[in-house]
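The chain contents come next:
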Amino acid sequence: MTAYLVSLIVIGGLVSAGVYLLLERSLIRMLLGLLLISNAVNLLILAAGGPTGNPPVRGRTSAGQTTTADPLAQGLILTAIVITMGVAAFVLALTYRSYRLNTIDEVSNDPEDTRVSQLSGKESGEEIAERLDPDRTRDTDLPDELDALPGFEGSR
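Predicted, not measured: the structure shown is a model, and the values here were computed from it.

Engineer: Would you mind going over the overall build of the protein chain with me for this structure?
Structural biologist: Of regular secondary structure, the protein chain possesses five helices and zero strands. Starting at the N terminus and walking to the C terminus, you meet the elements of the protein chain as α-α-α-α-α. Counting across all 156 residues of the protein chain, residues that qualify as buried make up 15%. For the protein chain, the share of sequence-separated contacts (at least 6 apart) that also reach a separation of at least 24 residues comes to 42%. Accessible surface, the protein chain: about 12,500 Å² in total, of which carbon and sulfur atoms supply 61%.

What follows is the structure, given as structure tokens:
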């Protein structure tokens, strides 16, 4: 299988531009990055599918080709295009809804996520949970009122 250098450079450029756009805060740019990456993956599948050849229909030939083209790569690409268009429509609907609610299409930082990320990574999960909710009590192995559902004592 021979891969052409120009097509691989184009695929790499599409992926890098798509990743750059995905890292932006604007939902429209995120959608464009997602579309670029999906097109790059489609081109990669097409390049990995092998050389051109006869159509995968019995008895058909094409311009004197001796081999048959791989129909799996073409089927995968068609499926990926349909899935990508569905995801694009969903992201566009989310963007429109976000813009109608907030009149802005940027994703902002969540204050709770910011507060949690500032906690030290060296603390145990119990210490973090206690710091987040100081009124909670530690769980013990002793049975509590909420440990069992009512009405199931007689069914044992």
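Here the narrative resumes, following the displayed structure.
Engineer: Is there a simple way to think about the confidence of the model for the protein chain in this case?
Structural biologist: It should be kept in mind that the predicted coordinates are not to be read in detail where pLDDT is low. Chain-level pLDDT for the protein chain is 79 on average; 74% of the residues reach the 70-or-more range. Mean pLDDT across the secondary structure elements of the protein chain bottoms out at helix α5 (residues 125-132), with 64, and peaks at helix α1 (residues 5-22), with 93.

Engineer: I'm lost on the environment of Ile-11 in this one. Help?
Structural biologist: Along the chain, Ile-11 falls in helix α1. Assessed through its relative accessible area of 7%, Ile-11 is described here as buried. For Ile-11 and Ala-40, which are 29 residues apart along the polypeptide, the C-alpha to C-alpha distance reads 5.1 Å.

Engineer: Even after reading the chapter, I still don't get the pattern of salt bridges, so can you show me in this structure?
Structural biologist: Side chains carrying opposite charge are able to pair once their charged atoms draw close together. Tallied over the entire structure, the rule returns one salt bridge. Arg-29 is paired through a salt bridge with Glu-24; the nearest N and O atoms lie 3.5 Å apart. The exposure class of Arg-29 is partly exposed, given its relative accessible area of 43%. Classification of Glu-24 as partly exposed rests on a relative accessible area of 21%.

Engineer: How do you make sense of the packing of helix α2 (residues 27-48) against helix α3 (residues 71-102) when you look at a structure like this?
Structural biologist: The axes of two packed helices give the description: the angle between them and the distance between them. The geometry of α2 relative to α3 is characterised by a closest axis approach of 10 Å and an angle of 180 degrees between their N-to-C directions. If you check the angle between α2 and α3, you find them roughly antiparallel. Classifying every residue of the contact of α2 with α3 by side-chain character gives 17 nonpolar, five polar and no charged.

Engineer: Teacher, can you tell me more about α1 here?
Structural biologist: One turn of an α-helix holds 3.6 residues; hence residues three or four places apart share an orientation. For α1, with 18 residues, the first-to-last C-alpha span of 26 Å sits near the 26 Å given by 1.5 Å per residue. Where α1 is concerned, the buried positions are Ile-11, Gly-18 and Leu-21. The buried side chains of α1 occupy one side of the element, clustering within an arc of 95 degrees when seen end-on. Of the residues in α1, the exposed ones pointing more than 90 degrees away from the buried face are Leu-5, Val-6, Ile-9 and Tyr-20. Against α2 lie the buried residues of α1.

Engineer: Is there a simple way to think about a nonpolar patch on the surface in this case?
Structural biologist: Together, Val-6, Val-10, Leu-43 and Leu-46 line one region of the surface with nonpolar side chains, adding up to about 350 Å² of accessible area. The set of elements that each furnish at least two residues to the nonpolar patch consists of α1 and α2. Residue Val-6 is classed as exposed on the basis of its relative accessible area of 61%.

Engineer: Explain the side chain of Ser-98 to me, please; I cannot follow it from the model alone.
Structural biologist: Relative to the assigned elements, Ser-98 resides in helix α3. The contacts of Ser-98, once residues within four sequence positions are left out, are Leu-27, Thr-103 and Ile-104.

About the criteria used
Residues numbered from 1 in each chain as written. Predicted model: local features only at pLDDT ≥ 70, side-chain atom pairs only at ≥ 80, totals over all residues. Heavy atoms only, no water. Helix = DSSP H or I, 4+ residues; strand = E, 2+ residues; numbered from the N terminus. Buried < 20%, exposed > 50% of the residue type's maximum accessible area, 1.4 Å probe, protein only. Contact = heavy atoms within 4.5 Å. Areas by Shrake-Rupley, 256 points an atom, 1.4 Å probe, with all protein chains shown as cover. pLDDT = per-residue confidence, 0-100. Salt bridge = Lys/Arg side-chain N within 4 Å of Asp/Glu carboxyl O. Axes fitted to C-alpha atoms, helices over the stretch in contact; angles between N-to-C directions. Parallel < 35°, antiparallel > 145°, perpendicular 65-115°, else oblique. Nonpolar A, V, L, I, M, F, W, Y, C, P; charged D, E, K, R; others polar. Expected span 1.5 Å × (residues − 1). Arc of directions from axis to C-beta. Patch = residues over 30% accessible without salt bridge, like charges linked within 9 Å, V, L, I, M, F, W, Y side chains within 5 Å.

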